[in-house]
Amino acid sequence: MSLPKQVKIVEVGPRDGLQNEQLSISTAIKIELIERLADAGIRSIEAGSFVNPKWVPAMADSEDVFTGLKRKPGVSYTALTPNLKGFERALSVNASEVAVFSAASETFSQKNINCSIDTSLQRFLPLMKAAKAAGIPVRGYVSCVLGCPYEGDVSAEKVRQIALSMLDMGCYEISLGDTIGVGTAGNVIALLNCLVQTIPTKKLAVHFHDTYGQALSNIYAALTAGISVVDSSIAGLGGCPYAAGASGNVATEDLVYLLNGLNIDCGIALQKLLDAGNYISAQLDRDNSSKTAQALRNK
Ligand code: HMG
Ligand code: MG
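Going along each chain's sequence as written, the residues are numbered from 1 onward. Chain letters start at A and ligand numbers start at 1, both assigned in the order the entries are written. For a predicted model such as this one, the threshold for reporting local features is a pLDDT of at least 70, and the threshold for listing and counting side-chain atom pairs is 80 or more; totals across whole chains, interfaces and linings nevertheless cover every residue. Side-chain numbers come from the whole structure's heavy atoms, not from hydrogens or water.

Enquirer: Go over the site of ligand 1 with me, naming the residues and quoting the values.
Expert: What surrounds ligand 1 is a group of 29 residues, the closest being N52, N112, N114, S143 and T179. Any N or O atom pair separated by 3.5 Å or less is treated as a polar contact, with the protein-specific requirement of one donor-capable and one acceptor-capable atom, and with residues adjacent in sequence counted only for side-chain atom pairs. Separating a nitrogen atom of ligand 1 from a backbone N or O atom of F50 is a distance of 2.9 Å. A distance of 2.9 Å separates an oxygen atom of ligand 1 from a polar atom in the side chain of K85. About the coverage of ligand 1: the protein hides 78% of its 1100 Å² of free accessible area. A majority-of-atoms criterion places ligand 1 in the largest pocket. At the level of secondary structure, the elements contributing two or more residues to the shell around ligand 1 comprise α1 (13-17), α4 (84-92), α5 (106-113) and β5 (138-143). Sorting elements by how many residues they give to the shell around ligand 1 places α4 first, with 3 residues. Note on definitions. A residue lies near a molecule or strand when any single heavy atom of the residue is within 4 Å of it. Each accessible area value is a Shrake-Rupley result obtained with a 1.4 Å probe; residue values ignore everything except the protein chains displayed when judging cover. With a 1 Å grid laid over protein atoms only, a set of points is called a cavity when a 1.4 Å probe fits there but cannot get out and a pocket when it is open yet has protein on both sides within 12 Å along at least five of seven lines; lining residues have an atom within 4 Å of a point. Cavities and pockets are treated as containing a molecule whenever more than half of the molecule's atoms lie within 2 Å of their grid points. By definition, any uninterrupted DSSP run of H or I lasting at least four residues is a helix, any uninterrupted run of E lasting at least two residues is a strand, and each is numbered from the N terminus.

In structure tokens form, the structure reads like this:
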């Protein structure tokens, strides 16, 4: 078993974390959070999404977030874009990178983006063409890779086919979303064993929600299988508006603590990260759900 020497953290808190918040968070607070995350050493930050604001009102100010940001050199400020319209909005505010998102479950696809999996892939094609012309890298998400809130079990083979289609159309990497956090280390390994038959591990990332408290062990399992890109959310914020009861992603603070313990370089200043997590938790008027943040605060 070998572990990667370096891991890239993709911070999704400002998007996946805040998209589901009922308490309205001002644009200024979002910007402050993103700037603190960059200052802590995060190199890839999903700063917002360009979806229909009627569906996800919490992301309606994403243009203002992108235009208000003081950008740090070397940091990629990324945006979730479901279609060409979303891409054009992202391009108009100079997003460094965009992400398209599909799912391995038909019912989830319908609930989340109001179309079938095949239609979602078709909608990506003009976006991919426009992104290529503009020189903007596109990441791909596949949701529900380890289970669906509506359909239950999901086949690894189906995940592999969708991931391959998205890579074929030009995504540089596929992030595997355990949207409802039901996976365990055993089925993470089984899924990856299936995928790596035809997809190089360097083209895969993992995105674990922590509903059942399995995210860190799932990440460890993925690291042992050669994965070196991991999504996480500051203070463990988040959930998906179309996956009731799903909790946030693994907390970035807990991920960094794990990586530090494994001597895996991720380039993050933990104290600054803790400050960012405590800042946004205070703004949301809630306790920081990262165990590492809680433990270090009580020390
Ligand atoms: P639709 O209603 O089917 O779209 O939405 P439509 O093409 O029929 O258009 C209807 C209206 O939406 C029109 O406006 C369009 O202009 C507008 P109207 O004429 O009614 O005024 N519209 C848009 N407006 C702004 N930006 C756009 C856009 N596109 C259309 N880009 C759509 C289709 C995908 C847009 C919609 O279903 C939607 O916005 N869904 C929200 C999806 C979402 O944000 N989900 C949460 C993020 S995914 C997630 O969290 C999972 C992930 O973290 C991984 C994991 O954990 O698994 C990534
Ligand atoms: Mg997610």
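Enquirer: Mind laying out the pairing of β5, listing which residues take part and the relevant values?
Expert: Looking down a regular strand, the side chains alternate between one sheet face and the other. Relative accessibility thresholds used throughout: buried, under 20% of the residue-type maximum; exposed, over 50%; partly exposed, between the two (1.4 Å probe, protein chains only). Summarising burial for β5: 6 of the 6 residues are buried, a large majority. Side chains V138, G140 and V142 of β5 all project onto a buried face; the interleaved residues R139, Y141 and S143 project onto the opposite face, where all are buried too. Note on pairing: DSSP must find at least two bridges between two strands before they are called paired. Sheet topology places strand β4 (residues 97-103) next to β5; 6 bridges connect them, and they run parallel. Bridged to A99 within β5 is R139. Traced from β5 through helix α7 (residues 156-168) to strand β6 (residues 173-178), the parallel crossover comes out right-handed. By convention a crossover is right-handed if, when the strands point away from the viewer, the path from the first strand over the helix to the second runs clockwise.

Enquirer: An account of the coordination of the magnesium ion (ligand 2) is requested, with residue identities and associated values reported.
Expert: Atoms are scored as donors when they are N, O or S and lie within 2.8 Å of the metal, with 3.2 Å used for Na, K and Ca; no water is included, so coordination may look incomplete. Bound to the magnesium ion (ligand 2) are the protein donor atoms D16 (OD), H207 (NE2) and H209 (NE2), situated 2.0 to 2.3 Å from the metal. Look at where the donors of the magnesium ion (ligand 2) fall in the sequence and you get D-x190-H-x1-H. For the pair H207 and H209, one class covers both residues: buried.

Enquirer: So what about the packing of helix α9 (residues 215-224) against helix α10 (residues 252-261)? Which residues, and what values?
Expert: Axis lines are fitted through C-alpha atoms, for helices just across the contact stretch, and the angle between N-to-C directions can take any value from 0 to 180 degrees. Interaxial distance between α9 and α10 falls to 11 Å at its minimum, and their mutual angle equals 45 degrees. Between α9 and α10, the angle is such that the two are oblique. In the crossing of α9 with α10, the sense of the turn from one axis to the other is right-handed. Touching L216, I219 and L223 of α9 are D254, L255, L258 and L259, all from α10. Each angle receives one of four descriptions, namely roughly parallel if under 35 degrees, roughly antiparallel if over 145, roughly perpendicular if within 65 to 115, and oblique otherwise. Crossing chirality is assigned from the near helix's rotation relative to the far helix, an anticlockwise turn below a right angle marking it left-handed and a clockwise turn marking it right-handed. By definition in these notes, contact holds between two residues if any of their heavy atoms fall within 4.5 Å.

Enquirer: Quick one: what's the story with empty space enclosed by the protein, residue by residue and with numbers?
Expert: Grid points are joined across faces, edges and corners, and a volume is the space filled by probe spheres set on the points. Scanning all chains against the criterion turns up 2 cavities of 30 Å³ or more. Here the largest cavity defines a volume of roughly 40 Å³. Lining of the largest cavity is provided by V145, L146, L176, V188, L191, L192, V206 and F208. For the lining of the largest cavity, the secondary-structure elements that each account for two or more residues are α8 (185-195) and β7 (204-208). Sort the elements by how many residues they give to the lining of the largest cavity and α8 lands first, with 3 residues. Considering only residue class, the lining of the largest cavity consists of 8 nonpolar, no polar and no charged. In this model, the second largest cavity occupies a volume close to 30 Å³. Surrounding the second largest cavity, V10, S44, E46, T78, E97, A99, R139 and Y141 form its lining. Put simply, the parts of the chain that give the lining of the second largest cavity at least two residues each are β2 (44-49), β4 and β5. In this count, Pro and Cys sit with the nonpolar residues alongside Ala, Val, Leu, Ile, Met, Phe, Trp and Tyr, while Asp, Glu, Lys and Arg are called charged and the others, Gly among them, polar.

Enquirer: If you had to explain the nonpolar core to someone new, which residues and values would you point to?
Expert: Note on terminology: a nonpolar core comprises buried Ala, Val, Leu, Ile, Met, Phe, Trp, Tyr and Cys residues joined through side-chain atoms within 4.5 Å. Within the largest apolar cluster, 104 residues are counted, with the highest numbers of intra-cluster contacts made by I9, V159, M166, I174, L176, L273 and I280. If we ignore the near neighbours within four places in the chain, the residues touching I280 are L18, I29, L33, I234, A235 and L237.

Enquirer: Can you tell me about α8, naming the residues and giving the values?
Expert: All of the buried residues in α8 are V188, L191, L192, C194 and L195. Relative to the axis of α8, the buried residues are bounded by an arc of 155 degrees and lie together on one face. Taken together, the buried residues of α8 touch α7, β6, β7 and α9. An arc is given here, and it is the one of the directions from the helix axis to the C-beta atoms.

Enquirer: Before we move on, can you summarise the layout of surface pockets with the specific residues and values?
Expert: Each pocket or cavity is described by its volume, and for the largest pocket that value is around 580 Å³. In terms of lining, the largest pocket is formed by 34 residues, of which the most central are V51, P82, F101, N112 and I113. When residues of the lining of the largest pocket are traced back to their parent elements, those giving at least two are α1, α4, α5, α6 (117-134) and β5. Considering only residue class, the lining of the largest pocket consists of 16 nonpolar, 13 polar and 5 charged. One number sums up the size of the second largest pocket: a volume of about 160 Å³.

Enquirer: Please set out the side chain of R89 residue by residue, giving values where relevant.
Expert: Mapped onto the secondary structure, R89 falls in helix α4. Using a relative accessible area of 17% as the deciding quantity, one classes R89 as buried. When near neighbours in sequence (up to four residues on either side) are disregarded, R89 contacts F50, V51, P53, A60 and E63.

Limitation: the analysis is restricted to geometry and does not speak to function.
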